[in-house]
There are 2 protein chains.
Amino acid sequence: MTAALLEQYRERIRTELDRVVDFWLKYSHDKEQSRLYRTMERFHRPEILDAAKSGAAFLQKFARVQASSGPGKCAFCLTRDGRAVKVQRTIFSECFYVMAMDELSRITQDKEMQADAESMMDRLIFWVQTDSSDLGRPQLPGDPPINSMAVPMMLLCLVDQLTEGRTDVAEKYKDLSGWCVEQILQHIQRDGKAILENVTLNGKELPGCQGRLQNPGHALEAGWFLLQYALKKEDAQLQKTAVDKFMEIPFHTGWDKQHGGLFYFLDVDGHCPTQLEWNMKLWWPHCEALIAYLMAYSHSREPLLLDRFKQIYDYTFSHFSDEEHGEWFGYLSRKGEVVLDFKGGSFKGFFHVPRCLYMCEKLLDGLLERQDS
Amino acid sequence: MTAALLEQYRERIRTELDRVVDFWLKYSHDKEQSRLYRTMERFHRPEILDAAKSGAAFLQKFARVQASSGPGKCAFCLTRDGRAVKVQRTIFSECFYVMAMDELSRITQDKEMQADAESMMDRLIFWVQTDSSDLGRPQLPGDPPINSMAVPMMLLCLVDQLTEGRTDVAEKYKDLSGWCVEQILQHIQRDGKAILENVTLNGKELPGCQGRLQNPGHALEAGWFLLQYALKKEDAQLQKTAVDKFMEIPFHTGWDKQHGGLFYFLDVDGHCPTQLEWNMKLWWPHCEALIAYLMAYSHSREPLLLDRFKQIYDYTFSHFSDEEHGEWFGYLSRKGEVVLDFKGGSFKGFFHVPRCLYMCEKLLDGLLERQDS
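Residues numbered from 1 in each chain as written. Chains lettered and ligands numbered in written order. Predicted model: local features only at pLDDT ≥ 70, side-chain atom pairs only at ≥ 80, totals over all residues. Heavy atoms only, no water.

As recorded in an unreviewed UniProt entry, chain A goes by the name N-acylglucosamine 2-epimerase, listed as coming from Sinocyclocheilus anshuiensis. Looking at chain A in UniProt, the text filed under Subunit (unreviewed entry) is "Homodimer. Forms a heterodimer with renin and inhibits its activity." (UniProt positions renumbered as here; feature names shortened; annotations may be inferred.)

S.K.: Would you explain the environment of Arg83 of chain B in this entry?
M.R.: With respect to the secondary-structure elements, Arg83 of chain B resides in the loop between strand E1 (77–78) and strand E2 (84–86). For the pair Arg83 of chain B and Ala63 of chain B, spaced 20 residues apart in sequence, the C-alpha separation works out to 8.4 Å. When near neighbours in sequence (up to four residues on either side) are disregarded, Arg83 of chain B contacts Pro141 and Gly142 of chain A together with Cys77 and Leu78 of chain B. (Helix = DSSP H or I, 4+ residues; strand = E, 2+ residues; numbered from the N terminus. Contact = heavy atoms within 4.5 Å.)

S.K.: Can you walk me through the packing of aromatic side chains in this structure?
M.R.: The way to describe two aromatic rings as a pair is by their centre distance and the angle between their planes. Enumeration according to the criterion identifies 44 aromatic pairs over all chains in this entry. Ring centres of Trp255 of chain A and Tyr315 of chain A lie 5.9 Å apart, and the angle between their planes is 80 degrees; this geometry places the pair in the edge-to-face category. One end of the pair, Trp255 of chain A, is in the loop between helix H11 (236–254) and strand E8 (266–267); the other, Tyr315 of chain A, is in helix H13 (residues 303–319), with 60 residues separating them in the sequence. Accessibility assignment for this pair places Trp255 of chain A and Tyr315 of chain A in one class, buried. Three or more aromatic residues joined by ring pairs form one cluster here, namely Tyr9, Phe251, Trp255, Tyr293, Phe309, Tyr313, Tyr315, Phe317, Phe320 and Trp328 of chain A. The residue whose ring lies beneath Lys281 of chain B is Phe263 of chain B, and the NZ or CZ to ring-centre distance is 5.2 Å. Cation over ring: Lys348 of chain B sits above Trp283 of chain B, and NZ or CZ is 5.8 Å from the ring centre. (Phe/Tyr/Trp six-rings, centres within 6.5 Å; stacked < 30°, edge-to-face > 60°. Buried < 20%, exposed > 50% of the residue type's maximum accessible area, 1.4 Å probe, protein only. Lys NZ or Arg CZ within 6 Å of the ring centre and 35° of its normal.)

S.K.: How do you make sense of the nonpolar core when you look at a structure like this?
M.R.: General note: in soluble globular proteins, nonpolar side chains tend to be found buried as a group. Within the largest apolar cluster, 237 residues are counted, with the highest numbers of intra-cluster contacts made by Met121 and Phe309 of chain A together with Met121 and Phe309 of chain B. Taken domain by domain, the makeup of this core includes at least three residues from each of domain 1 (2–44 + 145–372) and domain 2 (46–137) of chain A. Those residues in contact with Met121 of chain A that sit more than four places away from it in its chain are Val98, Leu155, Leu158, Val159, Leu162, Tyr173 and Leu176 of chain A. (Core = buried A, V, L, I, M, F, W, Y, C linked by side-chain atoms within 4.5 Å. Domains from an automatic or database assignment.)

S.K.: What should I look at first to understand the sheet that holds strand E10 (residues 331–332) of chain A in this one?
M.R.: Sheet strands pair by backbone hydrogen bonding; their relative direction is either parallel or antiparallel. Residues and elements named next belong to chain A. Reading across from one edge, E9-E10-E11 is the order of the 3 strands in this open sheet, with antiparallel pairing throughout. Looking at which strands have only one partner, the edges of the open sheet turn out to be strand E9 (281–282) and strand E11 (338–340). In this sheet, E11 lies alongside E10 in antiparallel orientation, the contact comprising 2 bridges. Across the sheet, residue Tyr331 finds its bridge partner in E11, namely Leu340. (Pairing = 2+ DSSP bridges.)

S.K.: Help me out: how do you make sense of the domain arrangement of chain A in this one?
M.R.: As a measure of interface size, the accessible area lost when the parts come together is often cited. All names here are of chain A. Domains assigned within chain A are domain 1 (2–44 + 145–372) and domain 2 (46–137). Taken together, the contact between domain 1 and domain 2 spans 33 residues of the former and 32 residues of the latter. Summing both sides of the interface, domain 1 and domain 2 together bury roughly 3000 Å²; the carbon and sulfur share of this comes to 69%. Counting across the domain 1 and domain 2 interface gives 5 salt bridges. Across the pair Lys172 and Asp122 runs a salt bridge, and its minimum N-O distance is 3.3 Å. Remark: the boundary between domain 1 and domain 2 carries 10 residue pairs in polar contact (both at pLDDT 80 or more). Looking at the side of domain 1 that touches domain 2, the elements with two or more residues in it are helix H1 (2–27), helix H2 (34–39), helix H6 (150–163), helix H7 (167–172) and helix H8 (174–185). (Buried area = accessible area lost by both parts, 1.4 Å probe. Salt bridge = Lys/Arg side-chain N within 4 Å of Asp/Glu carboxyl O. Polar contact = N/O pair within 3.5 Å; in protein donor to acceptor, adjacent residues only side chain to side chain.)

S.K.: Even after reading the chapter, I still don't get the relation of the copies chain A and chain B, so can you show me in this structure?
M.R.: Both copies of the chain are placed relative to one another by a rotation about an axis and a shift along it. Rotating chain A by 180 degrees and moving it 0.0 Å along the rotation axis overlays it on chain B with an RMSD of 0.0 Å. Classification of the inter-copy transformation places it as that of a two-fold axis. Using C-alpha coordinates, one finds that chain A approaches the rotation axis most closely at Glu277 of chain A, a distance of 3.1 Å. In this assembly, 100% of the residues forming the interface of chain A have copies in chain B that are likewise at the interface, indicating an isologous arrangement. (Least-squares fit on C-alpha atoms with pLDDT ≥ 70 in both.)

S.K.: Where do I start with the interface of chain A and chain B in this structure?
M.R.: Of the residues lining the interface, 30 residues belong to chain A; the matching set on chain B comes to 30 residues. Our count for the chain A to chain B interface comes out at 2 salt bridges. The partner of Lys335 of chain B in a salt bridge is Glu337 of chain A, with the nearest N and O atoms 3.0 Å apart. Where chain A meets chain B, there are 8 residue pairs in polar contact (both at pLDDT 80 or more). Secondary structure elements with two or more residues in the side of chain A that touches chain B: strand E2 (84–86) and E11 of chain A. Looking at which element gives the most residues to the side of chain A that touches chain B, the answer is E2 of chain A, with 3 residues. By residue class, the composition of the side of chain A that touches chain B is 15 nonpolar, 7 polar and 8 charged. (Nonpolar A, V, L, I, M, F, W, Y, C, P; charged D, E, K, R; others polar.)

S.K.: Quick question: what am I supposed to make of the sheet that holds strand E9 (residues 281–282) of chain B here?
M.R.: One open sheet holds the 3 strands; their spatial order is E9-E10-E11 (chain B), and the pairing between them is antiparallel. If you trace the sheet from one side to the other, it starts and ends with E9 and strand E11 (338–340) of chain B, each paired once.

S.K.: It is not clear to me how unusual backbone geometry should be interpreted in this structure. Could you clarify?
M.R.: For residues besides glycine, phi is generally negative; the peptide bonds are generally trans as well. At Arg301 of chain A, a residue that is not glycine, the phi angle is positive and equals roughly 55 degrees. Counting through the fold element by element, Arg301 of chain A comes out in the loop between helix H12 (283–300) and H13. Given a relative accessible area of 31%, Arg301 of chain A falls into the partly exposed group. A positive phi is found at Asp191 of chain B, a non-glycine position, where the angle reads about 55 degrees. With respect to the helices and strands, Asp191 of chain B occurs in the loop between strand E4 (188–189) and strand E5 (194–195). Owing to a relative accessible area of 74%, Asp191 of chain B belongs among the exposed residues under this scheme.

S.K.: Is there a simple way to think about the packing of helix H5 (residues 111–129) of chain A against H6 of chain A in this case?
M.R.: Two quantities define a packed helix pair, namely the angle between the axes and the distance from one axis to the other. Residue and element names in this part refer to chain A. In contact at an axis separation of 12 Å, H5 and H6 are set at 155 degrees when each is read in the N-to-C sense. Judged by the angle between their axes, H5 and H6 are roughly antiparallel. The handedness of the crossing between H5 and H6 comes out as left-handed. Residues Ala117, Glu118, Met121, Leu124 and Val128 of H5 form the contact with H6, whose participating residues are Val151, Leu155, Leu158, Val159 and Leu162. Taken together, the residues that form the contact of H5 with H6 break down as 9 nonpolar, no polar and 1 charged. (Axes fitted to C-alpha atoms, helices over the stretch in contact; angles between N-to-C directions. Parallel < 35°, antiparallel > 145°, perpendicular 65-115°, else oblique. Left-handed = near helix turned anticlockwise from the far one by under 90°.)

S.K.: Would you mind showing me how to read the pattern of salt bridges here?
M.R.: If charged atoms from side chains of opposite charge come close, those side chains can pair. Going through the model one piece at a time under the given rule, you end up with 70 salt bridges over all chains. Asp244 of chain A serves as the salt-bridge partner of Lys240 of chain A, at 2.6 Å between the closest nitrogen and oxygen. Residue Lys240 of chain A and its partner Asp244 of chain A are located together in helix H11, separated by 4 residues, close to a single helical turn. Among the salt bridges present, the one from Arg334 of chain B reaches Asp256 of chain B, with a minimum N-O distance of 2.9 Å. Linking Arg334 of chain B in the loop between strand E10 (331–332) and E11 with Asp256 of chain B in the loop between helix H11 (236–254) and strand E8 (266–267), this pair joins segments that are 78 residues apart in sequence. Since its relative accessible area comes to 26%, Arg334 of chain B is described here as partly exposed. Exposure remark for Asp256 of chain B: the relative accessible area of 1% places this residue in the buried category. What emerges from the salt-bridge pattern is a single network uniting Arg14, Asp18, Arg42 and Glu361 of chain A.

Right, dumping it as structure tokens:
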């Protein structure tokens, strides 16, 4: 019974992944395509590797902007011919640069590219742990540094990328992983009943709306990053925390009981968030929720976790997937209508959807394999 | 018949202005209150002047941030005790600083404060016309300078503020007004059929979604700034352009035929704008539209323009005004439901609503006076 359901999910997810890859291969040559090439037989095709190579060459040539925006910064947005349009005063463009270069270097065995990824990673660590002034944000007395969940999450994700199958690199970043986990766990607040997006550097609640902010999709993403890490470490306590705190809490607070789907932002005290888009339904929180619950179920076989996956899956596939033209819509109103109909934009490219489908398909493969045996 | 209608509008607007002023006097001491004190008898009350004075003292002491964010920059946001939280890399916080200091100096006869306003104004002009590097935005090769409508609009509004009743100052900024008008008129595009928010420095259409962006509320605000200027100059051609281009075009393209109200953003080619909040109904575009059409009607007595005012008035007063607690809600869904229920935030304070009510009441006074005589 469960096997039939899992099989059905895998079939739909597999087809969807094919359609999504076709969509981006057709309309965009992007940097994130090489993991598919490396780890999934049906995507081990020369046109995918070529697209990844040309994407990486473009990034290496143009994305690293020069000194005026801080040494080592990457552009967030470039013109078609490679001129920088925008440089964010955060670390995230550089994080994606590391991810892309490391992944491609694994196939091409390009040692220089791997070194490029690692040196950017070391710069990221310096910005986060030692001195952020090169990011270009003026230090203002009313805006002290905070612990924003995105930062340790991204670094933990990068450590996972860089260390796969490499014991020496894993050794190098061992302490960093521990630090990231510790920083992420500081976001459990209110006697363990809430995950807050921003806390002080020593893990206390911040005043005002910044301190009350909840981002359910982000918490769920942190949840599967933590669970993945805890499974590798065989840390049962952390596995439980990942599921109970970083999945169940954001699912319960974030799910819209009236119209379905996950809210983008919420205020822990029930006030209205200050972000105009707070009640919209975005594609990526749903992607993260699907991965989180399938990973959690895959590990524990707890039927409740499969029920959660089912609930999110039903909403996601009936609302976001574009049956006609492929790929997913990104932005729905609270009631689930498509409000912005483009497929690609500054924050939506060949990343969240294929990563979600890829991870889910792999997890379902594993589940069905064990079911068979 | 019309007089009765105008009288009815004035009564409601007058009451609303009283309620709005009460609201902000109770919950916020703010910098923009002194024009009411100076020009409306019923607000010529010591507590209003005191609030304005203490607001100005706070701004003079704390808002001007030091060198790291560029000389002469003002904070966009401060903590309660005056520490800078955010400094925008634009000119707008400084524009509001000029407006506040100039207005208060007119009552207090504080020559130093007036000089402070003028010196900030001169710095603004330098940033806009000569060198913007102190704003702190790195010059990126893919992001060349553009003509964004907000900039000449704000400067024109400031010239109007600074020159009221002062021939010497008017003489000083005469060329600047002309330059602002010219820059604003460059936003008439597509053979006179569209107002675009961003154009090149020599008035050509920009490529991509930035070039296709329309902001109806902004265009309507530019409309009444232009009309006000053209009336002073007795420039009939510019008066006509202000109404036909900067009011009628954004009204027709911006009005939501299905659910009423003005959209926040639109794409001139009918694509979906990239701003997540594009289809929301915000309070301030409706404020600007009310002023624009009442000013236009007041000048020409063209019944069509009063019909427009009526249409916007009916939507605005039935959707934004909070009957129970005073002031207006700021952010509605496309369908007109309140989506964010706070009254004050980073972009909504004691400014757009009272300015709109104040201007409309003054215009209605003028109309009814002429009607009587």
